[in-house]
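Take a look at the letters that make up each chain.
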Amino acid sequence: MPTAVSASLEQIAAEIVRQAQKAGASDAEVTVREGDEFSVSVRMGEVETLKEAGSRGVGLRVLVASDNGYRVASTSTSDFTPEGIAHLVNGALALARVSSEDPFAGLAEASEFGSLAGDLQLFHEDVYKLPTAERIEYARRTEAASLAFDTRITNSAGGSFDAGTGRKAFANSRGFSGEYRASSCSISCSPIATGSAGEMQRDYWYSYARSLGALETPESVGETAARRTLRRLDGRKVKTQQVPIVFSPEVARGLIGAIFDAASGDSIYRGASFFTGMLGQQVAAESITVVDDGTIAGGFGTSPFDGDGLPSRRTVLVENGVLKHYMLNTYTARKLGMKSTGSAARGLAGNPGTGHGNLFLKAGSITPEALLKDIPAGLYVTELIGQGVNMVTGDYSRGASGLWIENGELTFPVQEITIAGNLKEMFRNITAIGNDLVFRGSVASPTLRIDGMTIAGE
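Residues numbered from 1 in each chain as written. Predicted model: local features only at pLDDT ≥ 70, side-chain atom pairs only at ≥ 80, totals over all residues. Heavy atoms only, no water.

Examining the overall build of the chain
So the rule is basically this: Helix numbers and strand numbers start at the N terminus; a helix is a DSSP run of H or I with at least 4 residues, a strand a run of E with at least 2. This radius of gyration counts C-alpha atoms alone. The globule rule is 2.2 Å times how many residues there are, raised to the power 0.38. Here's how the labels work: a residue is buried when its accessible area is under 20% of the maximum for its type, exposed when over 50%, partly exposed in between, all with a 1.4 Å probe on protein chains only. Here, residues are in contact when the closest pair of their heavy atoms is within 4.5 Å.
The helix and strand inventory of the chain stands at 9 helices and 23 strands. Over its C-alpha atoms the chain spans a radius of gyration of 25 Å, differing by no more than 12% from the 23 Å that the globule rule assigns to 458 residues. Oriented by its inertia axes, the alpha-carbon framework of the chain measures out at about 70 × 55 × 40 Å. Taken across its 458 residues, the chain has 50% of its residues classed as buried. The contacts of the chain with a sequence gap of at least 6 include a subset with a gap of at least 24, amounting to 72%.

Some points on the pattern of salt bridges
Heads up, the condition is: Put simply, a salt bridge is a Lys or Arg side-chain nitrogen that is within 4 Å of an Asp or Glu carboxyl oxygen.
This model, assessed by the stated rule, comprises 23 salt bridges. Here arginine 449 and aspartate 374 are joined by a salt bridge, their closest N and O atoms 3.4 Å apart. One end of the pair, arginine 449, is in strand S22 (residues 448-450); the other, aspartate 374, is in the loop between helix H8 (368-373) and strand S17 (377-385), with 75 residues separating them in the sequence. Note that arginine 449 and aspartate 451 form a salt bridge whose closest N and O atoms lie 2.9 Å from each other. A residue is classified by how much of its surface remains accessible, and arginine 449, at 13% relative accessible area, is buried. Linked by salt bridges that have partners in common, Asp203, Arg228, Arg232, Glu250 and Glu383 make up one network.

Here's the deal with the state of the cysteines
Put simply, the rule is: Throughout, disulfides are identified as pairs of cysteine sulfur atoms within 2.5 Å of each other.
Counted under the stated rule, the structure contains 0 disulfides. Just so you know, cysteine 185 is unpaired, no disulfide at all, and the nearest cysteine sulfur is the one on cysteine 189, 16 Å from it. A relative accessible area of 2% places cysteine 185 in the buried class. A residue is classified by how much of its surface remains accessible, and cysteine 189, at 2% relative accessible area, is buried.

Overview of the sheet that holds S22
Rules: Strand pairing follows a simple DSSP-based rule, namely that at least 2 bridges must link the two strands.
The 8 strands are arranged S9-S23-S19-S18-S17-S10-S22-S20 in an open sheet whose pairing can be described as mixed. Edge positions in the sheet fall to strand S9 (241-242) and strand S20 (430-433), since each of these pairs with one other strand and no more. Where strand S18 (residues 395-406) meets strand S19 (residues 409-422), 10 bridges bridge the pair, whose relative direction is antiparallel. The residue bridging glutamate 406 from the neighbouring strand is glutamate 409, located in S19.

Things to note about the packing of helix H1 (residues 9-22) against helix H2 (residues 82-97)
To keep it simple, the criterion reads: Note on definitions: angles span 0 to 180 degrees between N-to-C directions of axes, and those axes are lines fitted to C-alpha atoms, for helices only across the stretch in contact. Working rule for angles: under 35 degrees goes down as roughly parallel, over 145 as roughly antiparallel, 65 to 115 as roughly perpendicular, anything else as oblique. In this scheme the crossing of two helices becomes right-handed for a clockwise turn of the near helix relative to the far one and left-handed for an anticlockwise turn of less than a right angle. Any residue that is not Ala, Val, Leu, Ile, Met, Phe, Trp, Tyr, Cys, Pro, Asp, Glu, Lys or Arg is counted as polar, Gly included; the first ten are nonpolar and the last four charged.
It is the contact of H1 with H2, at a shortest axis distance of 10 Å, that shows an interaxial angle of 50°. When the axis of H1 is compared with that of H2, the two are oblique. Of the two possible hands of crossing, H1 and H2 adopt the one that is right-handed. In contact with Ile16, Gln19 and Ala20 of H1, H2 contributes Ile85, Leu88, Val89 and Leu93. Of the residues assigned to the contact of H1 with H2, the class counts are 6 nonpolar, 1 polar and no charged.

Focus: helix H3 (residues 132-149)
Inclusion rule: Expected helix span is taken as 1.5 Å per residue step, with the number of steps being one fewer than the number of residues.
In a regular helix each residue adds 1.5 Å, so 18 residues correspond to 26 Å; H3 covers 26 Å between its end C-alpha atoms and thus fits that length. Taken as a whole, H3 has its buried residues at Arg135, Ile136, Tyr138, Ala139, Thr142, Glu143, Ala145 and Ser146. Along its buried surface, H3 packs onto strand S1 (27-43), strand S2 (46-66), strand S5 (153-172), strand S6 (177-194) and helix H4 (218-230).

In structure tokens:
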């Protein structure tokens with residue numbers, strides 16, 4: 001086997017595939033990853049934690065043909081020595097031989113494999129351009145800007161600067177081999193404010209980018225975090241009632257994630273989703289179009305290929321409210337008698353799961369301010385608490401806080417309430433979509449208005 005110094009990750013992956021087949025695997029897949037990361041957090045101007053780390057790992061998945069499909073197993077290691085790789089291969093095959101047969105297991109057909117060509121703008125050298133002292137200063141500047149914004153900002157949970165780069169290679173026994181690099185960096189802070197009655201509130205803000213040059217300034221991030229914190233002060237409850245509820249973009253993206261979860265092939269073939277059997281049917285308001293696009297240059301969810309070695313692509317989950325696709329990897333597609341949507345996601349070990357690329361709700365044409373204008377009374381949600389979502393029935397109940405809407409304006413902060421509804425009805429009752437779609441991660445949504453939900457308060 002080529003040494004780790006002389007071989008690319010792609011060469012290492014291909015060589016381990018060869019060794020696995022030589023040892024008795026009918027098919028094999030190998031993922032090799034390496035990366036480095038930097039993280040610093042400061043609190044009240046002093047460094048609290050500082051971490052610099054590098055990591056490497058390799059994962060092997062073997063398939064051994066049987067009378068009724070394949071026996072499958074996987075192993076992983078950080079030991080790249082010949083002895084370590086031999087142990088990886090022998091361990092995976094030993095586990096496979098005692099595993100159960102699976103008639104749906106197996107790699108995709110060779111004709112399905114592929115990788116996006118060209119520069120996807122995933123890697124930028126400048127994430128490590130700053131010396132360590134200046135990275136610490138980025139964290140300090142972010143926190144300092146929040147503390148200086150208003151005298152009511154009296155404390156801080158900290159400011160941070162993070163950066164990382166990584167490389168991933170994937171190869172299998174049916175001819176696929178690919179490798180790519182990615183980078184990211186971020187700054188954030190979480191100030192604490194004290195209200196008139198001594199009440200303390202905390203909020204946060206952040207900027208996340210593929211390159212250092214694309215980050216927002218530390219000062220703008222700190223000031224935004226301060227404003228978000230101050231608007232929470234002196235919150236109150238409201239009465240139990242049904243009013244329009246407006247979800248801020250940071251909160252609304254969780255609803256878009258729920259659409260993906262409901263359309264995931266893993267949930268569909270188990271009958272554990274309220275979208276089961278709904279393909280081709282109206283599941284949301286006609287204004288709703290949800291897209292999963294793993295091809296957007298520089299996107300946080302972009303990659304040249306998925307976890308099965310299929311090229312990333314653009315898939316419309318919901319179009320004009322109609323459920324168009326389930327999100328499938330090779331295995332779940334075979335279970336359901338369909339074709340993969342290039343949605344396989346995997347770690348080093350285990351079978352591929354279902355993941356997304358850049359998942360988003362298409363923006364509307366109305367500004368967030370205009371969206372609020374025709375609401376005489378309602379709630380603008382800025383934070384959700386708890387995990388009260390049932391993906392089988394669609395029942396939805398979450399603790400919430402936000403701002404009260406009165407005569408189209410944001411007025412006082414609201415806290416200690418619960419909002420409740422059913423996702424099946426909520427998606428159909430989206431009555432307005434903002435034009436403020438911004439990606440701050442791999443899932444994004446503009447501002448949303450939903451009618452018919454219940455606020456449980458006093």
